[in-house]
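Analysis of the macromolecular model
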2 protein chains.
Amino acid sequence: MTVMPKPVPPDALDAIRAIVGPKGWIDDPSDMLPFLKDERGLFVGKAPAVVRPASTEEVAAVMRICAANQIAIVPQGGNTGLCGGSVPFEAGDAIVLSLGRMNRVRAVDAINYTITVEAGVILAEVQAEADRNDRLFPLSLGAEGSCQIGGNLSTNAGGIQVLRYGNARDLVLGLEVVLPDGQVWNGLRGLRKDNTGYDLKHLFVGSEGTLGIITAAVLKLFPKPRDIKTAFVALPGHREALELFALARGASGDQLTAFELIPRIGLEFSARHVPGVVDPLERPYSHYVLMEMSSSVPDGDIGQTMDRFLETAMERGLVLDGTVAASAQQATQLWRIREGIVESQKHEGGSIKHDIAVPVSLVGDFLDEASRQVEERLPGIRVVAFGHIGDGNIHFNLSQPVGADTKAYLARWAEFNEIVHRVVAGMNGSISAEHGIGRLKRDVLPDFKSGLELDLMRKVKRALDPAGIMNPGKVL
Amino acid sequence: MTVMPKPVPPDALDAIRAIVGPKGWIDDPSDMLPFLKDERGLFVGKAPAVVRPASTEEVAAVMRICAANQIAIVPQGGNTGLCGGSVPFEAGDAIVLSLGRMNRVRAVDAINYTITVEAGVILAEVQAEADRNDRLFPLSLGAEGSCQIGGNLSTNAGGIQVLRYGNARDLVLGLEVVLPDGQVWNGLRGLRKDNTGYDLKHLFVGSEGTLGIITAAVLKLFPKPRDIKTAFVALPGHREALELFALARGASGDQLTAFELIPRIGLEFSARHVPGVVDPLERPYSHYVLMEMSSSVPDGDIGQTMDRFLETAMERGLVLDGTVAASAQQATQLWRIREGIVESQKHEGGSIKHDIAVPVSLVGDFLDEASRQVEERLPGIRVVAFGHIGDGNIHFNLSQPVGADTKAYLARWAEFNEIVHRVVAGMNGSISAEHGIGRLKRDVLPDFKSGLELDLMRKVKRALDPAGIMNPGKVL
């Protein structure tokens, strides 16, 4: 959908300022900067103002003025997204609406296993509040200390526990949404079952703020894990990781909470650049899996289950060596290997990134084929393919050849994207498994999604936001 | 949405007959009857023909003719729905399109834990095919021997294992849908993660055939349970059932697969009318719970977990007595008590039914308040409230007073619905937890859903089906 930039009328701005008050108004350029620049530093937009409403009513009032004046709105949570979806364009014709001041936990219902939160609550705070009520909120990802739950829902965030608990979408029971015309849809129901018409919440979740502004949500909670076993195991190759995964699901009683592929080069990067990371095994192997089983039964037999599983896996030649963390501290050490990969890649020169998914059964073929093609195109390129193999979701990152010119390498970003995404498309996969489309992948989306599907999306967009003022130029 | 009845043009009918051939064409009134009459016998509609296409291409070709001629279509699966959503109106201006001949399992991918099936596959056959591949397809409900998976998805079916595995909606990864204009949306992706735009599949799931025709689906599979423990326990009252449930979720490692409330009257009805059903306990109690824990770990400790849990529950006074099935046969016996309730109610005169849900934490308040109000309105009325208490979903059925006139009693159906639904609405609950809206509840929906929400639904309907030919007069 093309947007025609036009200046925001000053009297509309005045009216909005009156609604949010001085605490909710930022128009100083340097104060606005953190809201205009995206996480990766790829985009720096402009805006006449950043508004920070303190309540649903204020969001609705702002939205009504925008609707009346056809002013575009860019809803923003913690602004940690990786596709530029939460920052405005350079034209300066859109207002940024940050939800950060709407940060109340409205209710916790331990018996119903639900928590009701406003959009601006930091993800780590949702987790902590659940914990204080002897419950688990399982969504967990790198940015959890600064991302906001509203943004997590708008982008359908994934993370490391999707395997067991699902994506952000699967954790939502109800939503409160300010619609593009400024009306408030109160869909804050805490029901496990409700078959009374179309499921509207699933439209707003994952739509990246292009259909409305999520202001609050009822989220599912789970029993708190009392017993967690973390293992780091070495495998002959990545194909064995898939067999190991299929085996682990059954053998664990579906209590697998993480199953992360780590290639040798990922471990080496982490060990080289992240203080405290060491190879926990005696000799090097080509591939590793970091896995976790957890149970809410205290002193249950999850440890025994893990031991028995690893024994079987070694007998079958799927696992060559490994270590099971004997303490929470040791588990943290093992996790640091995995978490260190992203950070350490920055020290290895340019990295061209992909966040793809294919059916789990095709991950092996994908890794072989995509690696072959990029290595053929640029000998010496270093494939760092790691991540949520249990979801079929691989962060297929390509570090530059040693000693290459970083700028020249990064200039080939689109070229390598094209290669990798073609392989993904051939496997009926996804070119954005968990990061979304935003602005970054909007223009390539039509190459990988059918015209029919895009047309259906546009029909929905037009039905809910006919004026096209919700985060225009993103996704569609 | 109001539909103007008009006769179906004969040449359009001829064209449709040519597409589906003699095997796919029924116009003899008595042969059509099973497709025109709903499960409960509440509605008997009319149609110029019932068509039974054998492929997605045939469905699409039929749909294109209907679109060109503005002919209404009623998609139909096994026709086991309880709200009249799958049969045509009496006007005779709509064609019934039955998916029953599209009954192929297209693929099973055990490593990806997915199965791809056509809409007409019987639910029990999906389960059996999963089982043959050493996997579980967990959707399970009374009609599983005759309902079709396409209908299960269109109505977002629930059933007894929702607690652990979710509703039908939660079991879908991808869909193939014939749209109202006859185009085919191929969304048959078997991905665990895919954040590339709006989640269209959730629009079609649960929309009861009013937005398009689901012709195939990729469904999630799970590890097969190897160890199942079934217990039938007596409780002091229904409030203890909720405490017991909260305790059980944690104590079972979230491996609870069923948690069904059974009141004394339900057990008595079953024992009276269902051959082989006996009270397994020595003396009578006011409430029971039939619960099941299951694990895919063979010879794991789920039995020990169940024993320990029941011990704790008895110590806390939540459980007064109980029995754990020692064999699969004994478990079947216990399940017969629960399953017999629906059937046995037929022998106790008229029954006014409700399929409601409230937050789990409010089930106790709901049962007290709704029972009080209906008993006040009609002394002697027999409340038979049973079902999926772990989902907050109660089948709140009201058997007539002993000796009352059945016809006169059933004439008060709407009156009692009104009472019960008002209590539900006061608790932000659902007047149709798993059965849907169809034709039966369409007219009361506006009393319990906000105008804004209905308006959003209508916008979506108009966007996808502007001519209003998809199952008109249902839901909206």
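Model, not experiment: these values are computed from the prediction.

About the criteria used
- Residues numbered from 1 in each chain as written.
- Chains lettered and ligands numbered in written order.
- Predicted model: local features only at pLDDT ≥ 70, side-chain atom pairs only at ≥ 80, totals over all residues.
- Heavy atoms only, no water.
- Least-squares fit on C-alpha atoms with pLDDT ≥ 70 in both.
- Contact = heavy atoms within 4.5 Å.
- Phe/Tyr/Trp six-rings, centres within 6.5 Å; stacked < 30°, edge-to-face > 60°.
- Helix = DSSP H or I, 4+ residues; strand = E, 2+ residues; numbered from the N terminus.
- Buried < 20%, exposed > 50% of the residue type's maximum accessible area, 1.4 Å probe, protein only.
- Lys NZ or Arg CZ within 6 Å of the ring centre and 35° of its normal.
- Arc of directions from axis to C-beta.
- Domains from an automatic or database assignment.
- Pairing = 2+ DSSP bridges.
- Axes fitted to C-alpha atoms, helices over the stretch in contact; angles between N-to-C directions.
- Buried area = accessible area lost by both parts, 1.4 Å probe.
- Salt bridge = Lys/Arg side-chain N within 4 Å of Asp/Glu carboxyl O.
- Disulfide = S-S within 2.5 Å.
- Polar contact = N/O pair within 3.5 Å; in protein donor to acceptor, adjacent residues only side chain to side chain.

Attention shifts here to the relation of the copies chain A and chain B. Note on the identical chains: chain A maps onto chain B by a rotation of 180° and an axial translation of 0.0 Å, with an RMSD of 0.0 Å. Taken together, the turn and the small shift mark the pair as related by a two-fold rotation axis. Here 100% of the interface residues in chain A have copies in chain B that are interface residues too; the copies meet face to matching face.

Our focus in this paragraph is the packing of aromatic side chains. Under the definition given, this model contains twelve aromatic pairs over all chains. Centroid distance Phe-366 of chain B to Phe-396 of chain B: 5.2 Å. Interplanar angle 70°. Geometry classified as edge-to-face. Here the residue Phe-366 of chain B occupies a position in helix α12 (residues 363-377), and Phe-396 of chain B occupies one in strand β19 (residues 393-399), the gap between them amounting to 30 residues. Summarising the burial analysis for this pair, Phe-366 of chain B and Phe-396 of chain B share the class buried. Ring geometry for Tyr-409 of chain B against Phe-416 of chain B: centres 6.3 Å apart, planes inclined by 40°, an arrangement best described as tilted. Accessibility expressed as a relative area gives 0% for Phe-416 of chain B, which makes it buried. In this structure, Arg-135 of chain A is placed above the aromatic ring of Tyr-113 of chain A, and the distance from its NZ or CZ to the ring centre is 4.0 Å.

Given 3.6 residues to a turn, an α-helix orients residues that are three or four positions apart in the same direction. All names here are of chain A. Those residues of helix α1 (residues 10-20) that fall on the buried side of the exposure criterion are Ala-12, Leu-13, Ile-16 and Val-20. An end-on view of α1 places all buried positions within 100° of arc, on one side of the element. What points out from α1, more than 90 degrees from its buried face, is the exposed set Pro-10, Asp-11 and Ala-18. Of the surrounding elements, those touching the buried residues of α1 are β1 (25-26), β2 (50-51), α3 (56-69) and β4 (94-98). Just past α1, the residue Gly-21 takes up positive phi, approximately 70°.

With that settled, the discussion passes to the domain arrangement of chain A. What the domain assignment lists for chain A is domain 1 (10-101), domain 2 (105-223), domain 3 (227-346) and domain 4 (349-433). Here the C-alpha centroids of domain 2 of chain A and domain 4 of chain A sit 31 Å apart.

Here we take up the side chain of Gln-345 of chain A. By secondary structure assignment, the location of Gln-345 of chain A is in helix α11 (residues 328-345). Given a relative accessible area of 1%, Gln-345 of chain A falls into the buried group.

A separate point is the sheet that holds strand β2 (residues 50-51) of chain B. Note: strands within a sheet are paired through backbone hydrogen bonds, in either parallel or antiparallel orientation. On the basis of which strands lie adjacent, the open sheet formed by four strands has the order β1-β2-β4-β3 (chain B) and mixed pairing. Here the strands that pair on one side only, and so sit at the sheet edges, are β1 (25-26) and β3 (72-76) of chain B.

Bringing the sheet that holds strand β15 (residues 321-324) of chain B into the picture now. Residues and elements named next belong to chain B. The sheet built from four strands is open, its strands ordered β13-β14-β12-β15 with antiparallel pairing. Both outer strands of the open sheet, β13 (256-263) and β15, are each paired with one neighbouring strand and no more. Across the sheet, the mean angle separating the axes of adjacent strands is 15° when strand polarity is ignored. The sheet contact formed by β13 and strand β14 (residues 287-295) spans seven bridges and is antiparallel. Bridging across to β14, Leu-261 finds its partner in Val-289.

Moving on, we get to the interface of chain A and chain B. Listed per partner, the contact involves 88 residues of chain A and 88 residues of chain B. Regarding the contact of chain A and chain B, the summed buried area is about 7,200 Å², with carbon and sulfur atoms giving 55% of it. Considering only the surface of chain A that becomes buried against chain B, Lys-193, Asn-195 and Tyr-198 of chain A emerge as the three largest contributors, covering 15% of it. Here chain A is connected to chain B by eight salt bridges.

Take the pattern of salt bridges next. Residue and element names in this part refer to chain A. A full pass over the atoms with the stated rule returns 66 salt bridges over all chains. Of the charged contacts in the structure, one is a salt bridge between Glu-415 and Arg-412, with a shortest N-O distance of 2.9 Å. Residue class for Glu-415 comes out partly exposed when judged on its relative accessible area of 27%. Relative accessible area serves as the criterion here: at 25%, Arg-412 is assigned to the partly exposed category. Between Lys-449 and Glu-453 there is a salt bridge, with its nearest N and O atoms 3.4 Å apart. Glu-453 shares its class with Lys-449; the two are buried. Sharing partners across several salt bridges, the network here consists of Arg-104, Arg-106, Glu-118 and Glu-176.

A few words on the state of the cysteines. All names here are of chain B. In this structure the tally under the stated criterion is zero disulfides over all chains. No disulfide involves Cys-83; its sulfur sits 15 Å from the nearest other cysteine sulfur, which is in Cys-147. Note on Cys-83: relative accessible area 4%, which makes it buried.

The subject of this paragraph is the side chain of Glu-260 of chain B. Residue and element names in this part refer to chain B. Considering the arrangement of structural elements, one finds Glu-260 in strand β13. The exposure class of Glu-260 is buried, given its relative accessible area of 1%. At 2.6 Å, the side chain of Glu-260 forms a polar contact with the side chain of Arg-338. In this structure Glu-260 touches Ile-160, Tyr-288, Val-289, Leu-290, Trp-335, Arg-338, Gly-387 and His-388, once residues within four positions along its chain are discounted.

All names here are of chain B. β19 sits mainly inside the fold: seven of its seven residues count as buried. The side-chain alternation of β19 yields two buried faces, one formed by Asn-393, His-395, Asn-397 and Ser-399 and the other by Ile-394, Phe-396 and Leu-398. Where strand β17 (residues 355-357) meets β19, three bridges bridge the pair, whose relative direction is antiparallel. In the strand pairing of β19, Ala-357 is matched with Asn-393. With five bridges connecting them, strand β18 (residues 382-386) and β19 associate as antiparallel partners. Residue pairing across strands places Ala-385 opposite Phe-396, the latter belonging to β19.

On to the pairing of strand β6 (residues 114-118) of chain A, then. All names here are of chain A. When you tally the buried positions in β6, you get five out of five residues, the bulk of the element. Here four bridges tie strand β5 (residues 105-109) to β6, and the two strands are oriented antiparallel to one another. Opposite Val-108, over in β6, you have Ile-115 as the bridge partner. What sits between β5 and β6 in their antiparallel hairpin is a turn of four residues, with Tyr-113 showing a positive phi close to 55°. For β6 and strand β10 (residues 213-220), the ladder comprises five bridges, and the chain directions are antiparallel. Following the sheet pairing, Thr-116 is matched in β10 by Val-218.

All names here are of chain A. The backbone of Asp-134 shows a phi angle near 60°, a positive value even though the residue is not glycine. On the secondary structure map, Asp-134 appears in the loop between α4 (123-132) and β7 (135-136). Residue classification places Asp-134 among the partly exposed positions, given a relative accessible area of 34%.

All names here are of chain B. One can find Gly-24 in the loop between α1 (10-20) and β1. Judged by relative accessible area, Gly-24 falls into the buried class, the value being 0%. A C-alpha to C-alpha distance of 9.9 Å links Gly-24 and Gly-100, two positions 76 residues apart in sequence. Those residues in contact with Gly-24, other than ones at most four positions away along the chain, are Val-50, Val-51, Arg-52 and Arg-101.

Take the environment of Pro-298 of chain A next. Here Pro-298 of chain A shows up in the loop between β14 (287-295) and α10 (302-315). Taking the relative accessible area as the measure of exposure, Pro-298 of chain A reaches 42% and is therefore partly exposed. Contact partners of Pro-298 of chain A, with chain neighbours within four places excluded, come to Arg-226 of chain A together with Arg-308 of chain B.

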